[in-house]
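Structural features, examined
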Amino acid sequence: MSFLSEIKMRFQRAEGLYRLLLINIIVFIGLKLVKLVMFLAGSDGFAHVNLLDNVAVTSNLASLAKHPWTFFTYMFVHEGFFHILFNMLILYWLGLIFCEYLGSRKIVPVYIMGGFAGALLYIGAYNLIPAFADAVAYSRLIGASAGVIAVMVAIATLVPNYSIPL
């Protein structure tokens, strides 16, 4: 069985872990291709920043009210190669353990709820902690880290003595 047909089969069988991994990778590649097309078309860097502003969650409440979908989209957006690489490696390794104990269908809700919790924590911190007050206007959050940490916490809570060899 080829690599692509195996991915297609796992995606069709509704294996949540593989869907999360694939969606994150597709969004990463898609945004990089859009950035490349913008560069080749001669647009300035502001077009890419504008694109990220429409998919990244911001701590500015007025801007957030105009882009409520960013609560969901930010958790699938990654800026750099190592950013997505390490998030997806950790999600894959811990996701396999998660699926072993709880099944593949439960990982998606845990990932999504963790992402929502991460966005709320970020927005709350930037709006309530005075040290971040100057950054509220321009800060934004992207990445799967909150969802990955939610999976990690679920595994650590469920099987706290699970040994993971390096």
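Now for a look at the structure at hand.

Conventions we followed
Residues numbered from 1 in each chain as written. Predicted model: local features only at pLDDT ≥ 70, side-chain atom pairs only at ≥ 80, totals over all residues. Heavy atoms only, no water. Core = buried A, V, L, I, M, F, W, Y, C linked by side-chain atoms within 4.5 Å. Buried < 20%, exposed > 50% of the residue type's maximum accessible area, 1.4 Å probe, protein only. Helix = DSSP H or I, 4+ residues; strand = E, 2+ residues; numbered from the N terminus. Contact = heavy atoms within 4.5 Å. Salt bridge = Lys/Arg side-chain N within 4 Å of Asp/Glu carboxyl O. Patch = residues over 30% accessible without salt bridge, like charges linked within 9 Å, V, L, I, M, F, W, Y side chains within 5 Å. Areas by Shrake-Rupley, 256 points an atom, 1.4 Å probe, with all protein chains shown as cover.

Looking now at the nonpolar core. Of all hydrophobic cores here, the largest spans 28 residues; its most connected members are Val 57, Leu 91 and Tyr 111. Of all the elements in the fold, those that place two or more residues in this core are helix 2 (16-40), helix 6 (81-102), helix 7 (107-128) and helix 8 (145-158). Residues in contact with Tyr 111, not counting those within four places in the same chain, are Leu 20, Asn 24, Met 75, Phe 76, Leu 91, Ala 144, Gly 147 and Val 148.

In total, this model carries two salt bridges according to the counting rule given. In this structure, the salt-bridge partner of Lys 35 is Glu 79, at a minimum N-O distance of 4.0 Å. Here the residue Lys 35 occupies a position in helix 2, and Glu 79 occupies one in the loop between helix 5 (70-73) and helix 6, the gap between them amounting to 44 residues. The residue Arg 140 makes a salt bridge to Asp 53 at a minimum N-O spacing of 3.4 Å. Taken together, the positions of Arg 140 in strand 2 (residues 140-141) and Asp 53 in helix 3 (residues 45-53) put the pair 87 residues apart, joining distant regions of the chain.

Another point: the environment of Leu 94. As for its placement among the helices and strands, Leu 94 is situated in helix 6. Classification of Leu 94 by relative accessible area gives buried; the value is 12%. For Leu 94 and Ala 154, which are 60 residues apart along the polypeptide, the C-alpha to C-alpha distance reads 9.7 Å. Apart from residues lying up to four places away in sequence, Leu 94 is in contact with Val 151, Met 152, Ile 155 and Ile 164.

Time to look at a nonpolar patch on the surface. On the surface, Phe 81, Phe 82, Phe 86, Ile 90, Tyr 92, Trp 93, Leu 96, Ile 149, Met 152 and Val 153 cluster together to form a nonpolar patch covering roughly 980 Å² of accessible area. Among the elements that line the nonpolar patch, the one with the most residues is helix 6, at seven residues. Mapped onto the elements of the fold, Val 153 is located in helix 8.

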